[in-house]
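Listed here are the chains, written in short residue letters.
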Amino acid sequence: MSAGASSADGRLSRRARVSAVALDSVDVVWLESQCRGCTGCQGRCGLFAKSQGEAERLTFVAPDVVLGQMVMVSMPADGLRRTAVGTYGLATGMVLAGAVSGHVIGEGLGFPNAAALVGLVAGTFLAGWMTKRWVKAPQPELHAASDPDPDFD
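Residues numbered from 1 in each chain as written. Predicted model: local features only at pLDDT ≥ 70, side-chain atom pairs only at ≥ 80, totals over all residues. Heavy atoms only, no water.

Draft legend 1. Examining the packing of helix 1 (residues 77–109) against helix 2 (residues 112–134) more closely. For the pair helix 1 and helix 2, the least separation of the axes is 6 Å and the interaxial angle reads 150°. Judged by the angle between their axes, helix 1 and helix 2 are roughly antiparallel. The way helix 1 lies across helix 2 gives a crossing that is right-handed. Among the residues making up the contact of helix 1 with helix 2, the classes are represented as 13 nonpolar, ten polar and one charged. (Axes fitted to C-alpha atoms, helices over the stretch in contact; angles between N-to-C directions. Helix = DSSP H or I, 4+ residues; strand = E, 2+ residues; numbered from the N terminus. Parallel < 35°, antiparallel > 145°, perpendicular 65-115°, else oblique. Left-handed = near helix turned anticlockwise from the far one by under 90°. Nonpolar A, V, L, I, M, F, W, Y, C, P; charged D, E, K, R; others polar.)

Here it is, written out as structure tokens:
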């Protein structure tokens, strides 16, 4: 997603119809093929992973929605960018740190390349663990929506 990829209000959004409501989730059927406000991926990012016409479960409490209601599912674009930078930056840093530290330790033991590989794998697992704990993805929000825009693809 490019720096100017978000809509005027700084949110990525997609219209949907509520197909089921539970205590901790809402199922929606997408009415559009891609998010509004994003010019970077043209719907390939998987933010709202399902295609137009398919149902997707969003896990959060939404007490004000009713079955069949049209909603706009949105997410702050800057929060999504921060999450991506944090996740990929932390992962890259941990993988490199693991490989370098493994190589340095391995030099003293006489097998730097094998130790670098072990450090790389350890850094990869540590990166996965750390990003799940430290980097929080922005939560989608539901807002009431009007009829879908027929001019939007």
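Draft legend 2. Structural view of the sheet that holds strand 5 (residues 141–144). Overall, antiparallel pairing links the five strands, which are arranged 3-2-1-4-5 in an open sheet. Of all the strands in the sheet, just strand 3 (55–58) and strand 5 have a single pairing partner and so form its edges. Strand after strand, the sheet turns through a mean of 45° between neighbouring axes, direction not considered. Both strand 4 (residues 70–76) and strand 5 contribute to a ladder of four bridges, which runs antiparallel. When the sheet's bridge partners are listed, Val71 is paired in strand 5 with Ala144. Against the sheet, helix 1 engages strand 1 (11–21) and strand 4, with an angle of about 50° to strand 4. (Pairing = 2+ DSSP bridges. Contact = heavy atoms within 4.5 Å.)

Draft legend 3. Main features of a nonpolar patch on the surface. Together, Leu117, Leu120, Val121 and Phe125 make up an exposed nonpolar region whose accessible area comes to about 400 Å². Mapped onto the secondary structure, Leu117 falls in helix 2. The exposed category is assigned to Leu117, whose relative accessible area is 53%. (Patch = residues over 30% accessible without salt bridge, like charges linked within 9 Å, V, L, I, M, F, W, Y side chains within 5 Å. Areas by Shrake-Rupley, 256 points an atom, 1.4 Å probe, with all protein chains shown as cover. Salt bridge = Lys/Arg side-chain N within 4 Å of Asp/Glu carboxyl O. Buried < 20%, exposed > 50% of the residue type's maximum accessible area, 1.4 Å probe, protein only.)

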